[in-house]
Amino acid sequence: PGDADGDEVRNNIDKCPNTPMGATVDAKGCPADQDGDGVLNGIDKCPDTPMGAKVDANGCPVDSDGDGVADYADKCPNTPAGMKVNALGCPVLFEPGKSALVLEGATLDPSSTEILDRLANAAQYNPSGSKLEIAGYTDNTGSRAHNMKLSQARAESVMNYLISKGVPASALTAKGYGPDFPIDTNATAAGRANNRRVMIKQIQ
C-alpha cells in the first residue's frame with residue numbers, strides 16, 4: 001500500500017490520510033495539536049503556546065507591535081516601534097531602578113520640557129487606569145499659605161504641559177505640598193534650590 005500523505009503510515013491503516021507534510025502522527029496516522037493553537041505538532045515551532053494565544057503559521061505567538069512581548073501577554077498592544085517596554089509590554093516611564101521623575105527648579109525650561117516630552121510620549125500608551133501624580137514642592141521661604149499655593153501652581157503647570165502633549169487629563173493629578181518633605185537643608189541657597197522641585201510618580 002502507498003502512503004499518500006507521506007507520514008509513514010500506510011494508506012490502508014491511515015485514519016487521517018490528508019495530514020499536512022511535516023506533522024507528527026500517531027500509529028493511526030493522525031496528528032496532534034498539544035497546545036490547541038490550530039498548528040499541528042511537527043509543524044508547530046512553538047509547541048507550548050498558552051491556550052487562546054493568537055499564533056502565526058508556525059504556531060508562534062503573534063507580536064503585533066513588535067516590542068518583543070507577545071500579544072497574549074501584552075497589556076499595551078499598540079506601543080510604537082522602538083519604544084522601551086517592560087515585561088508587560090508597556091512603556092517604561094522612568095529610568096531603570098527609579099519609580100519617579102524629579103524636575104529641578106521652579107519653572108519649565110528646555111531641559112525639563114525635553115524630559116516631559118519623552119514621558120508624555122510613553123504615558124499616552126500606558127494602559128487605561130494607570131495614573132500619575134504630579135507633586136509640587138517649595139523651600140521654606142515665605143508663609144506656608146503662599147508656598148502651598150505656589151507648589152500647587154507648579155504641579156498644575158507641569159500637568160497642563162503633559163495634557164497639551166496628549167496625555168489624558170484623567171490619567172493625571174496635581175498636588176502641591178509646599179515646604180513639606182524637603183530633600184535638602186533649607187539653611188543654604190543650594191539646599192533651598194534643591195527643595196524647589198516637581199516630582200512625577202505613578203500612583204496606580
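Please refer to the structure placed before this passage.
Treat the numbers as computed from the prediction; the structure is a model and nothing was measured. (Residues numbered from 1 in each chain as written. Predicted model: local features only at pLDDT ≥ 70, side-chain atom pairs only at ≥ 80, totals over all residues. Heavy atoms only, no water.)

Engineer: Quick rundown of the environment of Asp 71? Include the residues and the values.
Structural biologist: The residue Asp 71 is located in the segment before strand 1 (100–104) in this model. Take Asp 71: its relative accessible area is 21%, and that puts it in the partly exposed class. As for Asp 71 and Gly 89, which are separated by 18 residues in sequence, their C-alpha atoms are 8.7 Å apart. Once you skip the residues sitting within four places of it in the chain, Asp 71 turns out to touch Val 62, Asp 63 and Ser 64. Reaching out from Asp 71, the side chain makes a polar contact with the side chain of Ser 64 at a distance of 2.5 Å. (Helix = DSSP H or I, 4+ residues; strand = E, 2+ residues; numbered from the N terminus. Buried < 20%, exposed > 50% of the residue type's maximum accessible area, 1.4 Å probe, protein only. Contact = heavy atoms within 4.5 Å. Polar contact = N/O pair within 3.5 Å; in protein donor to acceptor, adjacent residues only side chain to side chain.)

Engineer: Please provide a residue-by-residue account of the pattern of salt bridges, values included.
Structural biologist: Summed over all chains, the structure comprises six salt bridges. The salt bridge involving Asp 117 is made with Lys 165; its shortest N-O contact spans 4.0 Å. Of this pair, Asp 117 sits in helix 1 (residues 110–123) while Lys 165 sits in the loop between helix 2 (144–164) and strand 3 (172–176), placing them 48 residues apart in sequence. The salt bridge involving Glu 133 is made with Lys 201; its shortest N-O contact spans 4.0 Å. (Salt bridge = Lys/Arg side-chain N within 4 Å of Asp/Glu carboxyl O.)

Engineer: Any chance you could break down the state of the cysteines for me, citing the residues and the numbers?
Structural biologist: Considering all chains together, one arrives at three disulfides under this definition. The disulfide that involves Cys 16 links it to Cys 30, with 1.9 Å between the sulfurs. Sign of the S-S torsion, about 85° for the bond between Cys 16 and Cys 30, identifies this disulfide as right-handed. In this pair, Cys 16 sits in the segment before strand 1 while Cys 30 sits in the segment before strand 1, placing the two residues 14 residues apart along the sequence. Cys 30 sits in the buried class, given a relative accessible area of 18%. The side chain of Cys 46 participates in a disulfide bridge whose partner is Cys 60; the two sulfur atoms lie 2.0 Å from each other. Its S-S torsion of about 85° marks the bond between Cys 46 and Cys 60 as right-handed, since a negative value means left-handed. Highlighted residues: Cys 46 in the segment before strand 1 and Cys 60 in the segment before strand 1, separated in sequence by 14 residues. (Disulfide = S-S within 2.5 Å.)

Engineer: Describe helix 2, with residues and values.
Structural biologist: Given a rise of 1.5 Å per residue, 21 residues ought to cover 30 Å, and the 30 Å separating the end C-alpha atoms of helix 2 matches this to within 8%. Listed in full, the buried residues belonging to helix 2 are Asn 147, Ser 151, Arg 154, Ala 155, Val 158, Met 159, Tyr 161 and Leu 162. Buried residues of helix 2 fall within an arc of 160° about the axis and therefore sit on the same side. Along helix 2, the residues that are exposed and aim more than 90 degrees away from the buried face are Ala 145, Lys 149 and Ser 164. Where helix 2 is buried, its residues meet strand 1, helix 1, strand 2 (132–137), strand 3 and strand 4 (197–202). Of the residues trailing helix 2, Gly 166 is marked for its positive phi of about 105°. (Expected span 1.5 Å × (residues − 1). Arc of directions from axis to C-beta.)

Engineer: Please provide a residue-by-residue account of the layout of surface pockets, values included.
Structural biologist: If you add up the space inside the largest pocket, you get close to 480 Å³. Lining the largest pocket we find 17 residues, and of these Val 92, Leu 93, Phe 94, Glu 95 and Arg 118 sit closest to its centre. Looking at the lining of the largest pocket residue by residue, the class counts come to 12 nonpolar, one polar and four charged. (1 Å grid on protein atoms, 1.4 Å probe; cavity = no way out; pocket = protein on both sides within 12 Å on 5 of 7 lines; lining within 4 Å. Points joined across faces, edges and corners; volume = space filled by probe spheres on them. Nonpolar A, V, L, I, M, F, W, Y, C, P; charged D, E, K, R; others polar.)

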